[in-house]
Amino acid sequence: MKPGTPAPPLPAGARAPSPARRRGGRRGTRAGAALAPALFTVLWSSAFVAGVPGVRAAPPLLLMFARFAVAGVLLAAYALVTRARWPRGRALAHVAVTGLLIQAVQFGCFYTALSLHYPAAVISLVQGLNPVVIALAARLLGETVDRRQALGFALGAAGVVLAVADRVSVSAWGIPLCLAGLGGLSLGTLYQKRFVRDMDVRTGTATQVLVGAAAVGPLSLAVETPRVSDWTAFGGSVAWMVLVNSIAAFLLLNRMLARSSATRVSTVFFLTPSVTAVLAWLVAGQALHPLVIAGLVLGGAGVLLAAGRPAATGPPRRGRRRAARGAGGAARVSGPRVSGSRSP
């Protein structure tokens, strides 16, 4: 449209959106983005508490197979109904790798530790090291970490170590399993952010959990005795983990990874130990030991520092100034600006 040309008339009966409505829509989008991490923290933290009755009723890998299989079928049906685009070729291989790491390795290890009576709060605290691992590998993704965030990561890591210091004797396999689960989560997050940036959250999440089911199902048959002692507890645990953890939480996580850096998204895991410890205390009766509480305080302080936006560095600002000057030059070349108009 040339400058000064009037805008085409709207269809009969249609109204142009008012500036207030447009601003309200933008505020709603920003509010949703701000609330997503808090909602994700609550949903994610409930997984270990819901898993406690599940691992008492059935072996952990069998529990995970049921969770992944049911969630995968429901997500795949939803993706088909909404005609979402499925990954193919190399993209499908990358999504499968993230499913193997984030779903099978992470939860297979964490819930096996839970079945060995390792406290849910401590497992979540070990999982809370994820932001530190992500920060150390941030350069692989071209992301930066400022000094304030680095201090936050250090405090969060100290809180994790403090909280698990008196729990190593609970199980000889507890810490190795938790560290392996942490490795699956961290490596899977980095891999997804690097190779699966444009994944559709519906089909991508469905593929990930189906890959997890395909991995832990045969392993359960090989190393466990697939037997359910309490179908009510097993069914309730699976239902919660499918609807709340595998579907709602992972749709949120994948959407946050698509819209923000892996470093910033990972900082929410510093908060999950606090919420998990409180839920485990309220629901499962697991005690809050003094060192765990001290670790939660340090972890919360780490979140306040690490979740902040990194300070802009010199080169990006210069790049933005050059871009602004270039845009201004382009505007001057294109002709005079019409009064009241606004460039896109």
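Owing to the predicted nature of the structure, the values given are computational and were not obtained by experimental measurement.

Thresholds, definitions, all that
Residues numbered from 1 in each chain as written. Predicted model: local features only at pLDDT ≥ 70, side-chain atom pairs only at ≥ 80, totals over all residues. Heavy atoms only, no water. Helix = DSSP H or I, 4+ residues; strand = E, 2+ residues; numbered from the N terminus. Contact = heavy atoms within 4.5 Å. Areas by Shrake-Rupley, 256 points an atom, 1.4 Å probe, with all protein chains shown as cover. Expected span 1.5 Å × (residues − 1). Bend = angle between axes of the 7 residues up to and from the residue. Salt bridge = Lys/Arg side-chain N within 4 Å of Asp/Glu carboxyl O. Core = buried A, V, L, I, M, F, W, Y, C linked by side-chain atoms within 4.5 Å. Buried < 20%, exposed > 50% of the residue type's maximum accessible area, 1.4 Å probe, protein only. 1 Å grid on protein atoms, 1.4 Å probe; cavity = no way out; pocket = protein on both sides within 12 Å on 5 of 7 lines; lining within 4 Å. Points joined across faces, edges and corners; volume = space filled by probe spheres on them. Nonpolar A, V, L, I, M, F, W, Y, C, P; charged D, E, K, R; others polar. Phe/Tyr/Trp six-rings, centres within 6.5 Å; stacked < 30°, edge-to-face > 60°.

### Looking at the overall build of the protein chain
The helix and strand tally for the protein chain stands at 13 helices and zero strands. Starting at the N terminus and walking to the C terminus, you meet the elements of the protein chain as α-α-α-α-α-α-α-α-α-α-α-α-α. Within the protein chain, contacts between residues separated by at least 24 positions form 91% of all contacts whose residues are at least 6 apart in sequence. Total accessible area on the protein chain is roughly 17900 Å²; 66% of this is exposed by carbon and sulfur atoms.

### Concerning helix α3 (residues 89–115)
The periodicity of an α-helix, 3.6 residues per turn, causes residues three or four positions apart to be oriented the same way. Between its first and last C-alpha atoms α3 spans 37 Å; for 27 residues at 1.5 Å apiece the expected length is 39 Å, and the two agree. The axis of α3 is deflected most strongly, by about 25 degrees, at Leu100.

### Quick look at the pattern of salt bridges
Applying the stated criterion across every chain yields a total of one salt bridge. Across the salt bridge formed by Asp200 and Arg202, the nearest N and O atoms sit 2.8 Å from each other.

### Let's talk about the nonpolar core
Formed by 57 residues in total, the largest nonpolar core has its most connected members in Phe40, Trp44, Leu63, Met64, Tyr111, Ile123 and Phe234. Elements represented by at least two residues in this core include exactly α1 (19–57), α2 (60–81), α3, α4 (120–127), α7 (174–195), α8 (201–223) and α9 (231–259). Here this core takes 12 residues from α9, the largest share from any one element. Ignoring any residue separated from it by four or fewer positions in sequence, one finds Trp44 in contact with Gln106, Phe107, Gln127, Asn245, Ala249, Phe250, Leu253, Phe269 and Thr272.

### A word on the side chain of Thr41
As for its placement among the helices and strands, Thr41 is situated in helix α1. For Thr41, a relative accessible area of 4% translates into the label buried. Aside from chain neighbours lying at most four places away, what touches Thr41 is Val268, Leu271, Thr272 and Val275.

### Thoughts on empty space enclosed by the protein
On inspection of all chains with the given rule, the structure shows three cavities of 30 Å³ or more. In this structure, the largest cavity spans a volume of roughly 70 Å³. The wall of the largest cavity is formed by Gln192, Lys193, Val196, Arg197, Met199, Val201, Asn254, Leu257 and Ala258. Of all elements in the fold, only α7 and α9 reach the threshold of two or more residues within the lining of the largest cavity. The leading source of residues in the lining of the largest cavity is α9, at three residues. Looking at side-chain class alone, the lining of the largest cavity contains five nonpolar, two polar and two charged residues.

### A few points about the packing of aromatic side chains
Inspection of every chain in the model, using the stated rule, returns eight aromatic pairs. Arranged with centres 5.3 Å apart and planes meeting at 50 degrees, the rings of Trp44 and Phe250 form a pair that is tilted. Of the two residues, Trp44 is situated in helix α1 and Phe250 in helix α9; the sequence distance between them amounts to 206 residues. For the pair shown, Trp44 and Phe250 are each scored as buried. Taking 4.6 Å as the distance between ring centres and 45 degrees as the angle between the ring planes, the aromatic pair formed by Tyr191 and Phe195 counts as tilted. You can see Tyr191 and its partner Phe195 sitting in helix α7, four residues apart, about one turn around the helix. Take Tyr191: its relative accessible area is 22%, and that puts it in the partly exposed class. Linked through ring pairs, Phe40, Trp44, Phe68, Phe107, Tyr111 and Phe250 together constitute an aromatic cluster.

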